[in-house]
Amino acid sequence: MDPPLSFTRRDLLANASGGLCGIAFAHVLAREGLGSSGRRDDGLVGLHHPAKAKQVIQLFMNGGASQMDLFDYKPELEKLHGQKFDPGTSERVEAATSEAGAVLASPFKFQQHGESGRWVSDQLPHLAKQVDKLAFLMGMTSRTNVHGPASFLMNTGFLFPGFPSMGAWISYALGNLTDNLPTFVVLPDSRGLPYNQRGNFSAGFLPVMHQGTIVRANALQPLPDLAPPVSAEFISAESTRDGLSLLEKFNTRHLTAHPGDSRLTARVRAYELAAKLQVSAPQVFDLSDETAATRARYGLDNPVTEDFGRRCLLARRMVERGVRFVQVWSGANGPTGNWDNHASIIKELPPIAASIDQPMAALLEDLQQRGMLDETLVLWNTEFGRMPFSQSSEGRDHNGGAFSGWMAGAGVKPGVAFGQTDPWGWRAVENITTTYDFHATVLHLLGIDHQRLTVRHDGADRRLTDVHGQVIREVLS
Amino acid sequence: MKSAYVGNLEKGTQGNRVRLMDAPPASVYAAVQKGKAEMLTQNPSRSRRRSSGALARARAWTSLACLMASCGNQPINAQDQTAIPTVSEPASSLSAGEPRPQVDFTRQIWPIFSKNCLACHGSENQESGFRLDSRELALTSGEEHAPNLIPGKSAASNLLRFASHEVEGLEMPPDGEPLSAEQLDLLRRWIDQGAEWGEVPEADPGEALNWWSLKPLVSPPVPAHSPGCRNELDAFVRSKLAALGIAPSPEADRRTLIRRVSFDLIGLPPTPEEIAAFLADTSDNAYEQLVTRLLASPRYGERWARHWMDAAHFAETHGHDQDRIREHAWPYRDYLIAAFNEDKPYTRFVQEQVAGDALFPDEPQATVALGFLAAGPWDESSLRDIREDTIDRQIGRYLDRDNMLTNVMSNFTSSTVQCARCHNHKFDPIPQTDYYALQAVFSGVERANRTFDVDPNIHRQRLTLQTKKRRLENDNLARREVLLSPSVAAEVAVWEQELTAARAAWTILAPASVGSAGGATLTPLADHSVLASGTAADQDTYTLTFALPAGKVTAIRLETLADESLPLDGPGRQDNGNLHLSELEAFSGEGEQSRLEFARATADFDQTDWEVSKAIDGSPQTAWGIYPQVGRSHVASFELKQPLTASAGTTLTVVLKQLHGGRHLIGRVRIAVSSAPGALLVLPPERIEAILAVPQNQRSPEQQLELALYQQQSKLAGELAALPPPSYVYAAASDFVPDGGLKPPPGPRPIHVLKRGDIRQPMDEVFPGALSCIAELPARFELPETTSEAQRRAALARWLTNPNHPLVWRSIVNRVWHWHFGRGIAATPNDFGRMGGLPTHPELLDWLAIWFRDHGQSLKQLHYLIVTSATYRQTTANRQANDPATTQDVDNQFLWRMNRSRLDAESIRDALLAVTGQLDLRMGGPSDRQFDLQPGSHVTPIIDYGKFDLAGPGANRRSIYRFLFRTLPDPFMESLDCPAGDTITPVRENSVTVQQALALWNDALVARRCEQFAARLRGISPSRSEQIAIALELALGRPPTAEELTELTAYSEVHGLENLCRVIFNLNEFVFIN
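Keep in mind the model is a prediction, meaning the values are calculated, not measured. Residue numbering note: each chain is counted from 1, following its sequence as written. Chain letters start at A and ligand numbers start at 1, both assigned in the order the entries are written. In keeping with the predicted nature of the model, local features appear solely for residues at pLDDT of at least 70, side-chain atom pairs appear and are counted solely at 80 or more, and the whole-chain, interface and lining totals rest on all residues. Processing note: side-chain calculations cover all non-hydrogen atoms of the structure and skip hydrogens and water entirely.

Draft legend 1. Structural view of the overall build of chain A. What chain A contains, in helices and strands, is 12 helices and 17 strands. Expressed along its principal axes, the backbone C-alpha trace of chain A runs to roughly 80 × 50 × 40 Å. The buried label applies to any residue whose accessible area, calculated with a 1.4 Å probe on protein chains only, is under 20% of its type's maximum; exposed applies above 50%, and partly exposed to all values in between. Looking at chain A residue by residue over its 477 residues, the buried ones come to 65%. The contact criterion used is simple: two residues touch if any of their non-hydrogen atoms lie within 4.5 Å. Long-range contacts, defined as pairs at least 24 residues apart, comprise 76% of the intrachain contacts of chain A with a sequence gap of at least 6. Working definition of accessibility: Shrake-Rupley area with a 1.4 Å probe, residue cover restricted to the visible protein chains. As presented, chain A carries roughly 16,000 Å² of accessible surface, and 52% of it is formed by carbon and sulfur atoms. Charge counting treats Lys and Arg as positive and Asp and Glu as negative, with His and both chain ends excluded. A single reference atom marks each charge: NZ on Lys, CZ on Arg, CG on Asp, CD on Glu. Averaging the positions of the 45 positive and the 50 negative side-chain charges in chain A gives two centres separated by 4 Å. Numbering of helices and strands starts at the N terminus; helices are DSSP runs of H or I of at least 4 residues and strands are runs of E of at least 2.

What follows is the structure, encoded as structure tokens:
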């Protein structure tokens, strides 16, 4: 049975408290707002309260970006460099993959930047100029020191596989803004998928349509099955056109003979949308309509920044065209070429930092200049931080005890910092921000009450935030 | 475009269905801790006092106050009103102006709190820090909003302001019905009267157990058969329909029936010949014969095993960040196919998958069944690679057990015991201690490659030898007697003689040539040893050749000799005197050399974790080392698998690969060969050599004992090694070859209740057991402390298969019903608790459960009963808007028609293969890897499904034999809702999406099948109209209408047969089954 289409927004909000029911209506409502441009303008309705943000771009640093080498300036480490690490408690100092080494000062220079005076290391000179746009989460903490569980936690709110990722929840809750592109898009590093592979963008127990659609920015076919395979020589544009028309005729006749089954109707509609998508989707990947200046700004002319820059630019283009949630990854899984700098901070961190610095600064500026930052939330995250002491002399092991992140754009208070770590950056100690708090805050900005977005699965009403999470009001504008 | 919303209109997840749901009983929330909890945590071996009565048990858990709403929001809805006595007095009964009577806290206020507030603001869960479970806390707690309760000032009390929805964003309770005007009035008066507290009533302990799925199975009377009923099922279904005034639907036509039941039972479409035969069969039981034939087909097991694999969340990689391939997962899949085809009785099916090794030790396949316990994901980083001494390792283990026990309990008992990990179950009578008792059942196993023998005879021999081996490992009096017996003493004496003779038989070989890949200078010395000097590269490989004497060679001996010229006298060239021999390889002959294979290697000394066996394991990453025993010579013996018969002068080439790096090189080496029986050339450890050096008549009894033990163990090891190599299955295992940091557990690990599920907060130790809410069965297994871990699982297996189990029998018949109808009699197959769906036909469910249990527990008979019912044979047609069916049961919960189903991913792919005539019916064996695999930057490989050769081998077998990659599933299958195996999937999604349309329309797999289908049609007939008629018969099970024939002909004449096939494969009629 199709739900009635005449529900008002008030009805929606009233019904939304019922959970699923309200979500179903949200889909219908969102669809009704579809304008002739193929882009909806009602994205700020929210599910439980009016939204501040309509869309999200999340930049995810795979491997565990080192907080004390990027944003969390710790002069104490310079004083203690080379000494045995002693936090002064009886607690055992342990590291996941190694014996805890001596205190390791950051090899990089720190400086204060902007009106807000945020400390940023010399590894992110472009971003340093943007700090007044950002709200830093300086006391983030994880529940684990292992990549797999930590990446699941940061993406899905649970330590093990099978749960929907944040993008999937948002797709499920808010629906799409356009029929021309997927709702939740993932742009992996061209070198490969992150730890947990596609598990990080899974729809879990939500319908598969909510999972992250992987777009391979460099591939000939960025999206699977968008066009017939080259190997199928029998397929032509004409056979496709006439075939779809014949298919519709047969399916409509079948529908008439089997009335009252909305799946049959939906399937007819799916082929119409698929045909539209085949035309509209390739346009988003065609960067030829971007100016040379824009391409240069994102670093597309520099091999160091080209890959991440292309994906940042694609993220902007997708958001422009109505994609709800874009996740841009830096780093593939594995021991090198990402943020998992076990062997050497001084050798491994600079190249990966350089690959993102200019592109992400360009993204922030570009979004602002286009007026998109008012409705777009930009997130910078990683699965955990790194240790204040060394692993085999100049690397750092995993540290779930503390890490940094930032948010910018729609609904975010610019130029602030929330939370703090201990003098060494070992543990978050003040205004500790859990992954649950972070997720609750993102959902809040999108007009979703994290406690009320639930789906029954395996005997429990599951949420992105499990049974935890508090909205961090301090970073809201 | 997975996300573009089109419709997911038949909601598949349990949560998306309209639930027939009762509220949790207030008693669960209102119950008060009375200190009974410890009863279930006591060690039965220390305290045999165990309360067995149902009442005591019930009290034990109801007394654990479940005052919380974690794991999601507590559903509070209008139906709750019946759950507790409502005691508010109607305000209208009081006349105006009359002084209002004192509010009674216990009778009037506490029930409001317990129903509406305590789930979030109680002892277990404290949203915003606010607690309402004691007066003191209610007056003070609540963080930024405190004080929430101000006695005498109702208007200023946030409690009332929030409850009366005065404050936007803080409307309480957040979900469900707001408090009624009467309830608000009571609260207002109570606050104004001073907010005095009172006695809090204790819950009725029986209430929590008063739940349909926990009640004993009692056979209900079968309603009278109305006309049209074919069996008892119909009597139950139709009596309910009659009560609702809904008429059942007529039987579907034969073409519909054969297509429906074929896909349902074997997952394949009927062939045109089968359809024709069925249409022509005029016998009364033509349909029944068809069903019998389908159930006897091996295709049946292939279809139904996949259902069970969804539930077990089976896949063939670990999942998580290190998604490594499980090379030996597939035997469990074959076990399932065979189990369904053999129609294994359900008790046996359950017992084998939980404890087949312990309960049926003589049956190899019962060990393979343990693949069930290991089917889910496994966190290799946490459980193998990080340090053993970390909290993260402990968390990894505890979550791994969680996955195992959830797999068992969800799928066999339809309970949600996993919800009780951090706290007592909020809605069902499952205390946290039950959950940890189940953790204790699995605390002695890991997931690993476990050996088994396909041949039951070999299996038995191996078990016998392993039992002997274990007996020898246990130091006790019996062992001592055996070892000191005259017969063993005689065996030892013979062995010692032979040993002495064999030792004399080593022939030292003089090197004919020496070479160093790393540039070392290798100098042959007078004693035929070779000394390395000069360049010491990081890595090196020495190649030494020798001329063999005529005769047999059974073993090669390698001596690494101390030498003054080496660091710390060697025998290695590393600064610390050590060496690492990565691989020793040997070849015989010249020109076309043949590689000699080794049976085993032994050495007089092995560095910890650097055993000499690692020098013949084929892995250059592992090696033999001798640290810290440097400065002295060592010796290693390499026994050949097949003795070599050499003629005089045959060349023996010995290659010594030393690839570890860091100059772990051999300093001085000497090679010898022997012709003595290999087993005698095994080098005993030092302590044994020391005993052998003592003259026989001077050995102490302890020395005799130790020698006898060594000899007996060596003999057993030899006998075990002589058996054919075992097969492997990835399964739950307590004994397996260590894999890096994953080692066999030392025994069952102690399990403690964890406060809030936090590994850092262990509380009482818990012992193996299961659910305490089942009156008929013991809550804890009384096992002696020394019981092996397998006996723990055996106890659980017996518990699960008790004939009086109220959950297990209901669970399986409901699950099978779900797979036939698309919805279970209870709509949530894995949740029979208070948050699950209530059964639409509870009497039918019980009748079926008992019938199944008492009639051989045959799934095939259960299928037969269901699919031959009139209910199953109904049409899928909808009704008019004014029909009672439409007005009262639009979702068809009461089965007035059959449900139309969308074919699942496997059936669509298999149907594509079947209609094109390409289906390859080979059964079993390793899975077909339908992707290109390249090494990744880390453990997980790079998988490309697009590069798979669709014409290659392994392309055309049934989908059940596809390799299942957990974090990198096949996008085509995924678009059709095929689960990836990361989570238990009792109910598959049945979605309709744009991505699905794109996949069927554009995917290379479909395009390839179009070409094959067209070729097949051309081969059958040259006539276009006949080709089209056959195409529709094959794909849709019916001939075309005249109109369709005209349209299809016209299209195919312009665009060809292949394009026509593309349209057919995308028809709604192809993917939906009436």
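Draft legend 2. Examining the nonpolar core more closely. Residues belong to a common nonpolar core when they are buried Ala, Val, Leu, Ile, Met, Phe, Trp, Tyr or Cys residues joined through side-chain atoms within 4.5 Å. Judged by nonpolar contacts, the single largest core of 142 residues is most densely connected at Trp308(B), Tyr346(B), Val408(B), Leu796(B), Trp799(B), Leu800(B) and Leu848(B). Setting aside residues no more than four positions away along its own chain, Trp799(B) makes contact with Met409(B), Thr413(B), Ala770(B), Leu771(B), Ile774(B), Leu777(B), Pro778(B), Phe781(B) and His805(B). Within the second largest apolar cluster, 115 residues are counted, among which are Ala65(A), Ala955(B), Val1006(B) and Phe1070(B).

Draft legend 3. Examining the pattern of salt bridges more closely. Residues and elements named next belong to chain B. One side-chain nitrogen of Lys or Arg within 4 Å of one carboxyl oxygen of Asp or Glu is enough to make a salt bridge. Under the counting rule described, the total for this entry stands at 105 salt bridges over all chains. With a closest N to O distance of 3.0 Å, Arg450 and Asp357 form a salt bridge. Of the two residues, Arg450 sits in strand S1 (residues 446-452) while Asp357 sits in helix H14 (residues 346-359), which places them 93 residues apart along the sequence. Classification of Asp357 by relative accessible area gives buried; the value is 13%.

Draft legend 4. Structural view of the interface of chain A and chain B. Counting from both sides, the interface comprises 104 residues of chain A and, opposite them, 95 residues of chain B. Buried area: the accessible area, evaluated with a 1.4 Å probe, that two parts lose upon being put together, summed over both parts. Overall, the association of chain A and chain B removes approximately 8,700 Å² of surface from exposure, summing both partners, and the carbon and sulfur fraction of that is 56%. Of all residues in chain A, Met209(A), Arg263(A) and Arg456(A) give up the largest surface area on contact with chain B, accounting jointly for 10% of the area buried on that side. The interface formed by chain A and chain B holds 7 salt bridges in total. One salt bridge connects Glu1047(B) with Arg253(A), and the closest N-O pair in it is separated by 2.6 Å.

Draft legend 5. Molecular detail of the packing of aromatic side chains. Residue and element names in this part refer to chain B. Stacked, edge-to-face and tilted are the three classes for Phe, Tyr and Trp ring pairs, Trp counted by its six-membered ring, which pair at centre distances within 6.5 Å; planes under 30 degrees apart are stacked, over 60 edge-to-face, the rest tilted. According to the stated counting rule, one finds 53 aromatic pairs over all chains in the structure shown. Put simply, the rings of Tyr300, Trp304, Trp308, Phe340, Tyr346, Phe349, Phe372, Phe412, Trp809, Trp819 and Phe852 pair up and form one aromatic cluster. Over the ring of Tyr872 we find Arg260, and its NZ or CZ is 5.8 Å from the ring centre. The criterion is that NZ of a Lys, or CZ of an Arg, lies within 6 Å of the ring centre and within 35 degrees of the ring normal, and then a charge sits over that ring. Its end group placed over the ring of Phe360, Arg348 keeps NZ or CZ at 3.6 Å from the ring centre.

Draft legend 6. Broad picture of the confidence of the model for chain A. A residue's pLDDT is the predictor's confidence in that residue, given on a scale from 0 to 100. Chain-level pLDDT for chain A is 89 on average; 91% of the residues reach the 70-or-more range. Counting contacts from residues 1-40 of chain A, a segment whose pLDDT is below 50, to residues more than four positions away or on other chains yields 80 contacts.

Draft legend 7. A look at unusual backbone geometry. Residue and element names in this part refer to chain B. Between Met172 and the following residue, Pro173, the backbone shows a cis peptide bond with an omega angle of -10°. For Pro173, the location among the structural elements is in the loop between helix H5 (158-163) and helix H6 (181-192). Unlike most non-glycine residues, Asp343 shows phi in positive territory, near 55°. Position of Asp343 among the secondary structure elements: in the loop between helix H13 (330-342) and H14. Residue classification places Asp343 among the buried positions, given a relative accessible area of 18%.

Draft legend 8. Just helix H5 (residues 147-156) of chain A, in detail. Of all 10 residues in H5(A), 10 are buried; the element is thus mostly enclosed. Buried within H5(A) are the following residues: His147(A), Gly148(A), Pro149(A), Ala150(A), Ser151(A), Phe152(A), Leu153(A), Met154(A), Asn155(A) and Thr156(A).

Draft legend 9. How the structure looks around the packing of helix H30 (residues 905-915) of chain B against helix H33 (residues 1004-1020) of chain B. Residue and element names in this part refer to chain B. Axis geometry follows a simple rule: fit a line to the C-alpha atoms, using only the stretch in contact for helices, then measure angles between N-to-C directions, giving values from 0 to 180 degrees. Where H30 meets H33, the axes come as close as 9 Å, and the angle between the chain directions of the two elements is 25°. Classified by the angle their axes make, H30 and H33 are roughly parallel. Here H30 contributes Arg909, Leu912, Leu913, Ala914 and Val915 to the contact with H33, which in turn contributes Leu1005, Val1006, Arg1009, Phe1013 and Arg1016. Across the contact of H30 with H33, the residue classes break down as 7 nonpolar, no polar and 3 charged. Orientation categories follow fixed angle ranges, with anything under 35 degrees roughly parallel, anything over 145 roughly antiparallel, 65 to 115 roughly perpendicular, and all other angles oblique. When residue character is reported, Ala, Val, Leu, Ile, Met, Phe, Trp, Tyr, Cys and Pro are called nonpolar, Asp, Glu, Lys and Arg charged, and the others, Gly included, polar.

Draft legend 10. Up close: the pairing of strand S7 (residues 325-330) of chain A. Residues and elements named next belong to chain A. Where burial is concerned, most of S7 is hidden: 6 out of the 6 residues are buried. Covered by surrounding structure in S7 are Phe325, Gln327 and Trp329 together with Val326, Val328 and Ser330, the residues of both alternating faces. Note that strand S1 (residues 55-61) and S7 share 6 bridges and pair parallel. Bridge pairing links Ile57 to Val326 in S7. As paired strands, strand S5 (residues 184-187) and S7 are joined by 4 bridges and run parallel to one another. Counted as the bridge partner of Val185 is Val326 from S7. The criterion for strand pairing is that DSSP finds at least two bridges linking the strands in question.

Draft legend 11. Representation of empty space enclosed by the protein in the model. Residue and element names in this part refer to chain B. Here a cavity denotes a set of grid points, spaced 1 Å apart and computed over the protein atoms alone, in which a 1.4 Å probe fits but from which it cannot get out, and a pocket denotes an open set meeting protein on both sides within 12 Å along at least five of seven lines; residues with an atom within 4 Å of a point are reported as lining. Grid points are joined across faces, edges and corners, and a volume is the space filled by probe spheres set on the points. The tally for this structure, following the rule as stated, stands at 17 cavities of 30 Å³ or more. Taken as a whole, the largest cavity spans an internal volume of roughly 590 Å³. In this structure, the largest cavity is lined by 33 residues; those nearest its centre are Trp819, Gly822, Ser901, Arg902 and Asn990. Every element with two or more residues in the lining of the largest cavity is listed here: helix H9 (254-266), helix H12 (298-312), helix H25 (808-821) and strand S19 (901-902). Of the residues in the lining of the largest cavity, the class split is 9 nonpolar, 11 polar and 13 charged.

Draft legend 12. Spotlight on the sheet that holds strand S3 (residues 511-516) of chain B. Residue and element names in this part refer to chain B. The 5 strands are arranged S3-S6-S14-S9-S10 in an open sheet whose pairing can be described as antiparallel. Each of the sheet's edge strands pairs with one partner strand only, and the pair in question is S3 and strand S10 (594-596). Mean inter-strand twist for the sheet, computed between neighbouring axes without regard to direction, equals 20°. Strand direction decides the pairing type here: strand S9 (residues 583-588) and strand S14 (residues 651-658), joined by 6 bridges, are antiparallel. Residue pairing for S14: Glu585 is matched across the bridge by Val655.

Draft legend 13. Main features of the side chain of Arg462(B). When you line up the elements, Arg462(B) lands in helix H19 (residues 456-473). Aside from chain neighbours lying at most four places away, what touches Arg462(B) is Asp453(B), Leu720(B), Leu723(B), Pro724(B), Pro725(B) and Pro726(B).

Draft legend 14. Representation of the environment of Glu785(B) in the model. All names here are of chain B. Residue placement: Glu785 occurs in the loop between strand S18 (762-766) and helix H24 (789-800). A relative accessible area of 52% means that Glu785 is categorised as exposed. Separated by 18 residues in the primary sequence, Glu785 and Phe767 have C-alpha atoms spaced 9.3 Å apart.

Draft legend 15. Seen up close, the packing of H12(B) against H25(B). Residue and element names in this part refer to chain B. The N-to-C vectors of H12 and H25 enclose an angle of 115°; their axes lie 12 Å apart at closest approach. Viewed along their axes, H12 and H25 form a crossing whose handedness is right-handed. Across the interface between the two elements, Trp304, His307 and Trp308 from H12 touch Arg815, Val816, Trp819 and His820 from H25. Taken together, the residues of the contact of H12 with H25 sort by class into 4 nonpolar, 2 polar and 1 charged. Rotating anticlockwise by less than a right angle from the far helix to the near helix defines a left-handed crossing, while the corresponding clockwise rotation defines a right-handed one.

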